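Structural overview
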Amino acid sequence: MNDRIKAIFFDVDGTLLSHSRGDVPESTRRALDALRAGGIKTIVATGRHMTEFSLLPVSDIPFDGYLTLNGNLILDANRHAYAGTPIDRGEMEVLAHIFQAKRIPFALIGENGRYINYIDETVVRTQEQTKGTVPALGIYGGEKVYQILAFVPEHQKKLLDELLDECAVISWNDTGIDIIPKDGGKSAGIRRYLEEHGLDRSEIMAFGDGENDIDMLKFAGIGVAMGNSSDLVKAAADYVTDTIDNDGIEKALRHFGLID
C-alpha cells in the first residue's frame, strides 16, 4: 500500500457528484470509506457555498474539512467557518456597481449565504445543468464577499477578466463563471490546510474535473483529472482516470495503491 499520501482533496461536481445520476457513485462511497479506515484525511474542495452543498446527495458523507467557494472560505470537520480570503475592497467597489446596474446576473457570496441581483433564463438554465439552486434576490450591504457567480456568455467573461485587476475569472460552465480573489483559489485553501496540519504538498492528492480545479491539480503531489474532464484539465494533471460514472475515483485510488 502507498503510505506517502496523507490527505486527498476532492472537487464535488463531476468528481464526487454525478450530474447524470444525481448522486455519488457507490464505488466512490466505498473508496472514501476505505480511505478513512486507512487513516487518510479526505477534504472537500468545491466552488459551492455550504448552504448549497448541504442540499446535495454528497452531504451525508463525513469529511475532515471543507474548502468552499473555491478555497476562499475554509470550514472544519464540523462545518464551522474559521478562515477565508475575501475579494479586495477596492475591487468590490467596481463589482458592486456591476451588481447594482443589473445588466449582468451577479450572485454575491459571503460567509452566511448568497444572493443575486436579478434572475433570467440563463441563470435558471445554468443552475439546472449543474444541479444548483437559484439564489434569492438581495441587495449588497458592504459585507465581505468571498466569491461572485456571473451568468454570462463567453465574450462577457473576457470583458470581466480584462476589467478586474485583483480577481481571477474562472469558467465552470458555458454560461457560468466564478470571480474570486487573485490570491485565492483552491490551491491557496489547500496551502492553509497543509500549514495547519503539518503536511507537505508531496503528501497530498487532488481529484477534479473543471477549470477551477486546475490550480489544485498542479499544486498537489499527485493531481488526478477525471475522465469526463476537458483536455485543458487533463493536461494539468499527473494522471487521468476513468469518468465519474465509470468508477474513476476508485480506479485511481487502486492504481496508486491507496485502497485494496
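Rules and cut-offs
- The residue numbering used here restarts from 1 in each chain and proceeds along that chain's sequence as written.
- Under the rules for a predicted model, residues below a pLDDT of 70 receive no local features and side-chain atom pairs below 80 are neither given nor counted, while totals for whole chains, interfaces and linings still include all residues.
- Hydrogens and waters are ignored; side-chain quantities use all the structure's heavy atoms.
- Per the convention used, a helix needs a DSSP run of H or I reaching at least four residues, while a strand needs a run of E reaching at least two, with both numbered from the N terminus.
- We compute the radius of gyration from the C-alpha atoms alone; for a globule the expected value is 2.2 Å times N to the 0.38, where N is the number of residues.
- Each residue gets one of three labels from its accessible area relative to the maximum for its type: buried under 20%, exposed over 50%, partly exposed in between, using a 1.4 Å probe on protein chains only.
- Between two residues, a contact is recorded if the distance between any of their heavy atoms is within 4.5 Å.
- Calculation of accessible area relied on Shrake-Rupley with a 1.4 Å probe; when residues are assessed, cover is drawn exclusively from the protein chains displayed.
- Here a cavity denotes a set of grid points, spaced 1 Å apart and computed over the protein atoms alone, in which a 1.4 Å probe fits but from which it cannot get out, and a pocket denotes an open set meeting protein on both sides within 12 Å along at least five of seven lines; residues with an atom within 4 Å of a point are reported as lining.
- Grid points are joined across faces, edges and corners, and a volume is the space filled by probe spheres set on the points.
- The nonpolar class holds Ala, Val, Leu, Ile, Met, Phe, Trp, Tyr, Cys and Pro. Asp, Glu, Lys and Arg form the charged class, and all remaining residues, Gly among them, are polar.
- Pairing between two strands requires that DSSP report at least two bridges joining them.
- Patches were defined on residues exceeding 30% relative accessible area and lacking a salt bridge, with like-charge contacts within 9 Å and nonpolar side-chain contacts (Val, Leu, Ile, Met, Phe, Trp, Tyr) within 5 Å.
- Take a side-chain nitrogen of Lys or Arg and a carboxyl oxygen of Asp or Glu: if they are within 4 Å of each other, that pair is a salt bridge.
- What makes a nonpolar core is a set of buried Ala, Val, Leu, Ile, Met, Phe, Trp, Tyr and Cys residues whose side-chain atoms join them at distances within 4.5 Å.

Description of the overall build of the protein
Looking only at helices and strands, the protein features nine helices and 14 strands. Taken over the C-alpha trace, the protein has a radius of gyration of 18 Å; the compact-globule value for 260 residues is 18 Å, and the two agree within 12%. Taken over 260 residues, the protein has a buried fraction of 56%. By sequence separation, contacts in the protein at least 24 residues apart represent 56% of the contacts at least 6 residues apart. Of the roughly 11,100 Å² that the protein leaves accessible, carbon and sulfur atoms contribute 47%.

Observations concerning the layout of surface pockets
Quantified by volume, the largest pocket comes out at close to 640 Å³. For the largest pocket, the lining is made up of 33 residues, of which Thr130, Ser171, Trp172, Asn173 and Asn212 are closest to its centre. Among the secondary structure elements, those contributing two or more residues to the lining of the largest pocket are β9 (147-150), α5 (154-163), β10 (167-173) and α8 (231-236). Split into classes, the residues belonging to the lining of the largest pocket amount to five nonpolar, 16 polar and 12 charged.

Some words on the pairing of β9
Neither face of β9 is exposed, since Gln147 and Leu149 on one face and Ile148 and Ala150 on the opposite face are all buried. Bridge count for β9 against strand β11 (residues 176-181) is three bridges, and the pairing is antiparallel. Across the sheet, the residue bridging to Ile148 is Ile179, located in β11.

Details of a nonpolar patch on the surface
The grouping of Ile119, Val124, Val134 and Leu137 at the surface amounts to a nonpolar patch, some 310 Å² of accessible area in total. Since its relative accessible area comes to 31%, Val124 is described here as partly exposed.

Focus: unusual backbone geometry
Excluding glycine, residues mostly have negative phi values, and the peptide bonds linking residues are mostly trans. A positive phi angle, close to 60 degrees, is found at Asn70, a residue other than glycine. The class of Asn70 is buried, set by a relative accessible area of 1%. Within the chain, Arg79 stands out as a residue other than glycine whose phi angle is a positive 70 degrees.

A short note on the nonpolar core
Ile8, Leu35, Val58, Met205, Phe207, Leu253 and Leu258 are the most contacted members of the largest nonpolar core, which has 41 residues in total. Of all the secondary-structure elements, those providing two or more residues to this core are β1 (7-10), α1 (26-37), α2 (50-53), β4 (73-75), β6 (106-110), β12 (204-208), β13 (222-225) and α9 (248-255). Look past the residues within four positions of Ile8 in its chain and what remains in contact with it is Leu35, Ile40, Lys41, Thr42, Ile43, Met205, Phe207, Leu253 and Leu258. Judged by nonpolar contacts, the second largest core, of 22 residues, contains Ile74, Ala83, Leu199 and Ala220.

Some remarks on the side chain of Thr46
Secondary-structure assignment places Thr46 in the loop between β2 (41-45) and α2. On the basis of relative accessible area, Thr46 is assigned to the buried category, the value being 1%. Filtering out sequence-adjacent residues up to four positions away, Thr46 remains in contact with Val12, Leu67, Thr68, Leu69, Asn70, Gly71 and Lys186.

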